[in-house]
Amino acid sequence: MDIRKLINEEKPPMKLLLLADPSQKMIEGYLENGSCFVAEVDNEIIGVYVLLPTRPETVEIVNIAVAEEHQKRGYGSRLINDAIQRAKQDGYKTIEIGTGNSSISQLALYQKCGFRITGIDPDFFVKHYSFEIYENGIQCRDMIRLSYDLL
Ligand code: COA
């Protein structure tokens, strides 16, 4: 698997990005100021993540996705570790990621990759999305914030 930064004239893989975030409007918003990285296997894009600088010395993985047929083979962890390495090289001190209270396996994965829970943004998904989201039989209401110290 090769991971590379998408160049300006290339179209971001919207179908993959929508797997992680059901709002195309939100995705288009953070793509304006973020950097999009794609993972390729046999010249096919099978994964994506977006890094967005949010505060001084802090960058956030605002979207990460692996194509359904390629999930659970370790690509997701490799994308997260790639994001950590790039953030470190670019001189950031902290990398963050957020996920819904209902995203149980994502919460497990991020903690396995070394992220620690730092806070909860209550009702984030209720306030920012015009539709209800359910996963694992749980309504996705709150954003769980996680952070990784790069120093
Ligand atoms: N065989 C069996 N299981 C394996 C494996 C293998 N060879 N390699 C890894 N796994 C397991 C991991 O242990 C991990 O287990 P866990 O869910 O219990 O933590 C699980 O597979 C996923 O790890 P990995 O394969 O590295 O991630 P992935 O490629 O499946 O990608 C996501 C993870 C979240 C990016 C992917 O599921 C996805 O795109 N989901 C939809 C979009 C989304 O929810 N994005 C995040 C929004 S916050």
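Residues numbered from 1 in each chain as written. Predicted model: local features only at pLDDT ≥ 70, side-chain atom pairs only at ≥ 80, totals over all residues. Heavy atoms only, no water.

## Describing helix H2 (residues 24-33)
Here comes step 1: Among all positions in H2, only Ile27, Tyr30 and Leu31 are buried. The arc enclosing the buried residues of H2, seen along the axis, measures out at 110°, which places them on a common side. Facing away from the buried side of H2, by more than 90 degrees, are the exposed residues Lys25, Glu32 and Asn33.
Here comes step 2: Looking at the packing, one finds that the buried side of H2 touches helix H1 (14-20), strand S2 (35-41), strand S3 (44-55) and strand S4 (58-66). (Buried < 20%, exposed > 50% of the residue type's maximum accessible area, 1.4 Å probe, protein only. Helix = DSSP H or I, 4+ residues; strand = E, 2+ residues; numbered from the N terminus. Arc of directions from axis to C-beta. Contact = heavy atoms within 4.5 Å.)

## Details of the pattern of salt bridges
Two side chains bearing opposite charge may form a pair once their charged atoms approach each other closely.
Here comes step 1: All told, the structure shown has 7 salt bridges when counted by the stated rule.
Here comes step 2: With a closest N to O distance of 3.5 Å, Arg145 and Glu96 form a salt bridge. A residue pair is termed long-range when its members are at least 10 positions apart, and Arg145 in strand S9 (residues 143-149) and Glu96 in strand S5 (residues 94-100) qualify at 49 residues.
Here comes step 3: According to the relative accessible area criterion, Glu96 is buried, its value standing at 10%.
Here comes step 4: Where salt bridges share partners, they join Arg55, Glu60, Glu96 and Arg145 into one cluster. (Salt bridge = Lys/Arg side-chain N within 4 Å of Asp/Glu carboxyl O.)

## Brief notes about unusual backbone geometry
A negative phi angle is the norm for most residues apart from glycine, just as the trans form is the norm for most peptide bonds.
Here comes step 1: Residues other than glycine seldom take positive phi values, yet Asp123 does so here, at roughly 60°.
Here comes step 2: Positive phi outside glycine occurs at Asn136, with the angle close to 50°.
Here comes step 3: With respect to the helices, strands and loops of the structure, Asn136 is situated in the loop between strand S7 (134-135) and strand S8 (138-139).
Here comes step 4: For Asn136, a relative accessible area of 59% translates into the label exposed.

## Let's talk about the nonpolar core
Here comes step 1: Counting residues in each nonpolar core, the largest one holds 25 residues, and the members touching the most others are Tyr49, Leu51, Ile61, Ile64, Ile95 and Phe115.
Here comes step 2: Mapped onto this core, the elements with two or more residues apiece are S2, S3, S4, helix H3 (75-89), S5, helix H4 (104-112) and S9.
Here comes step 3: Considering each element in turn, this core owes the most residues, 6 residues, to H3.
Here comes step 4: Non-local contacts of Tyr49, meaning those with residues more than four positions away in its chain, are made with Ile3, Ser35, Cys36, Phe37, Ile61, Asn63, Ile64, Leu79, Asp82, Ala83 and Arg86. (Core = buried A, V, L, I, M, F, W, Y, C linked by side-chain atoms within 4.5 Å.)

## A short note on the site of the ligand
Here comes step 1: Around the ligand, the surrounding shell holds 20 residues, and the nearest of these are Val66, Lys72, Gly74, Ser77 and Gln106.
Here comes step 2: In this structure, Gly74 approaches the ligand through a main-chain N or O atom, which is 2.7 Å from an oxygen atom.
Here comes step 3: One of the side-chain nitrogen or oxygen atoms of Ser77 is found 2.5 Å away from an oxygen atom of the ligand.
Here comes step 4: For the ligand, the protein covers 69% of the area, taking 930 Å² as the surface of the free molecule.
Here comes step 5: Sorting the residues of the shell around the ligand by element identifies H1, S4, H3, S5 and H4 as the ones contributing at least two each. (Near = heavy atom within 4 Å. Polar contact = N/O pair within 3.5 Å; in protein donor to acceptor, adjacent residues only side chain to side chain. Areas by Shrake-Rupley, 256 points an atom, 1.4 Å probe, with all protein chains shown as cover.)

## Looking at the side chain of Gln139
Here comes step 1: Looking at the secondary structure, you find Gln139 in strand S8.
Here comes step 2: Judged by its relative accessible area of 15%, Gln139 falls in the buried class.
Here comes step 3: Filtering out sequence-adjacent residues up to four positions away, Gln139 remains in contact with Asn101, Ser102, Glu132, Ile133 and Tyr134.

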